[in-house]
Amino acid sequence: MPAPSPRPRRFDLIAFDWDGTLFDSTAIIARCIQAAVRDLGGNVPSDRDAAYVIGMGFAQAMAHAAPDMPADRYDELGQRYRFHYLRQHDELSLFAGVQPLLMELRARGHLLAVATGKSRRGLDEVLRTVDLRGVFDGSRTADQTAGKPQPLMLQELMAEFNVAPARLLMIGDTTHDLQMALNAGCASVGVSYGAHACDAFHALNPLFVAHSVRELHDWLLQEA
């Protein structure tokens, strides 16, 4: 009796947010935002407000998290943020299970991409650190294109790989990620182990909300 044919792919391109989705960095990023604002004498954002802006472009994030800081000090804020982040960078790592998940998706023929609020420099550095060079077929960062939740990151990736909106899946840990997917006409999956509480996800119509990398792995291998 012949073996059953492999399940056809539902999505050709899977785009991942980075921080809080693949990389266990949410708490440290929030603390670094707070430290940078404190260094410059601003009103330090709460844990909730500092975590909420993860995934946005830096200027957009600071406008929300530190509204008392003038825009002409954002360069200084960025320098102080980077100072604190680099001091703790060695404490950061991929979530357990992420690397084998990415390898399985590649083996199934999916194109993989990163759509992140990080800078290009920051993403390139961390990809070298965790040795994921060559795993992703493409990426977009907030300083290259419009920040989340504007859809331009995903639109550019779709154009680069000639993928229709119905064939792209966006995976992220924030409402910014899921709203970006909605704005681009793409499907999304949320993960609840990152920056945002998942209560707000459902209004943005994700196909699934994963509460662990294992749940994400199992859903993607079955449904993507």
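Everything quoted here is computed from the prediction, not taken from an experiment.

**A short note on the pairing of strand E3 (residues 138–141)**
Because side chains alternate across E3, one face comprises the buried residues Gly138 and Arg140, and the other comprises Ser139 and Thr141, equally buried. As defined by bridge partners, strand E2 (residues 111–116) adjoins E3 across four bridges and the pair is classed as parallel. Considered in E3, the bridge of Val114 is made with Ser139. Of the crossover connections in this fold, the one passing from E2 over helix H6 (residues 120–129) to the parallel E3 is right-handed.

**Quick word on the environment of Tyr52**
On the secondary structure map, Tyr52 appears in helix H2 (residues 47–52). Residue classification places Tyr52 among the partly exposed residues on the basis of a relative accessible area of 32%. With 11 residues separating them along the chain, Tyr52 and Ala63 place their C-alpha atoms 12 Å apart.

**Re the nonpolar core**
Judged by nonpolar contacts, the single largest core of 55 residues is most densely connected at Phe16, Trp18, Leu132, Phe136, Ile171, Leu216 and Leu220. For this core, the element with the most residues is helix H1 (residues 26–39), which contributes seven residues. If sequence neighbours within four positions are ignored, Phe136 has contacts with Phe16, Trp18, Leu22, Leu102, Arg106, Leu112, Ala113, Val114 and Leu127. Core analysis: the next-biggest nonpolar cluster, separate from the first, contains 16 residues, Leu13, Ala142, Leu157 and Met180 among them.

**Focus on the environment of Tyr74**
One can find Tyr74 in helix H4 (residues 74–88). Residue classification places Tyr74 among the buried residues on the basis of a relative accessible area of 13%. As for Tyr74 and Ala63, which are separated by 11 residues in sequence, their C-alpha atoms are 9.2 Å apart. The residues touching Tyr74, leaving out its near neighbours within four places in the chain, are Phe58, Ala59, Met62, Ala63 and Met69.

**Quick look at the sheet that holds E2**
Overall, parallel pairing links the six strands, which are arranged E3-E2-E1-E4-E5-E6 in an open sheet. Looking at strand neighbours, the two that pair on one side only are E3 and strand E6 (208–210), the edges of this open sheet. Strand-to-strand twist of the sheet, defined as the mean angle between neighbouring strand axes without regard to direction, takes the value 20°. Of the pairings in the sheet, the one linking strand E1 (residues 13–16) to strand E4 (residues 168–172) comprises four bridges and is parallel in character. Pairing of Leu13 across the sheet is with Leu168, part of E4.

**Regarding the pattern of salt bridges**
Throughout the structure, instances matching the rule amount to 14 salt bridges. Residues Arg120 and Asp124 are paired through a salt bridge, measuring 3.0 Å at the closest nitrogen-oxygen approach. A residue pair is termed a helical-turn pair when its members lie 3 or 4 positions apart in one helix, as Arg120 and Asp124 do in helix H6 at four residues.

**Some points on helix H3 (residues 58–65)**
Residues of H3 that are buried: Ala61, Met62 and Ala65. The arc that holds the buried residues of H3, viewed along the axis, is 95°, so those residues lie on one side. In this structure, the buried side of H3 is in contact with H1, H2 and H4.

**Focus on the pairing of E4**
Within a regular strand, side chains alternate between the sheet's two faces. For E4, the tally of buried residues reaches five of five residues, placing the bulk of the element in the interior. By the alternation rule, side chains of E4 split into Leu168, Met170 and Gly172 and Leu169 and Ile171, which are all buried. Sheet analysis places E4 next to strand E5 (residues 187–191), joined by four bridges and oriented parallel. In the sheet register, Met170 faces E5, and the bridge partner there is Ser188. This β-α-β element, E4 to helix H8 (residues 175–184) to E5, shows right-handed connectivity.

**Some points on the packing of aromatic side chains**
For the structure shown, the criterion picks out six aromatic pairs. Note on Trp18 and Phe23: the rings are 5.4 Å apart at their centroids and 35° apart in plane angle, and the pair reads as tilted. Looking at Trp18, the relative accessible area reads 0%, which means it is buried. Judged by relative accessible area, Phe23 falls into the buried class, the value being 0%. Taken together, a centroid distance of 5.7 Å and an interplanar angle of 5° make the contact between Phe208 and Trp219 stacked.

Criteria and cut-off values
- Residues numbered from 1 in each chain as written.
- Predicted model: local features only at pLDDT ≥ 70, side-chain atom pairs only at ≥ 80, totals over all residues.
- Heavy atoms only, no water.
- Buried < 20%, exposed > 50% of the residue type's maximum accessible area, 1.4 Å probe, protein only.
- Helix = DSSP H or I, 4+ residues; strand = E, 2+ residues; numbered from the N terminus.
- Pairing = 2+ DSSP bridges.
- Right-handed = clockwise from strand over helix to strand, strands pointing away.
- Core = buried A, V, L, I, M, F, W, Y, C linked by side-chain atoms within 4.5 Å.
- Contact = heavy atoms within 4.5 Å.
- Axes fitted to C-alpha atoms, helices over the stretch in contact; angles between N-to-C directions.
- Salt bridge = Lys/Arg side-chain N within 4 Å of Asp/Glu carboxyl O.
- Arc of directions from axis to C-beta.
- Phe/Tyr/Trp six-rings, centres within 6.5 Å; stacked < 30°, edge-to-face > 60°.

In short, geometric facts, not functional conclusions.
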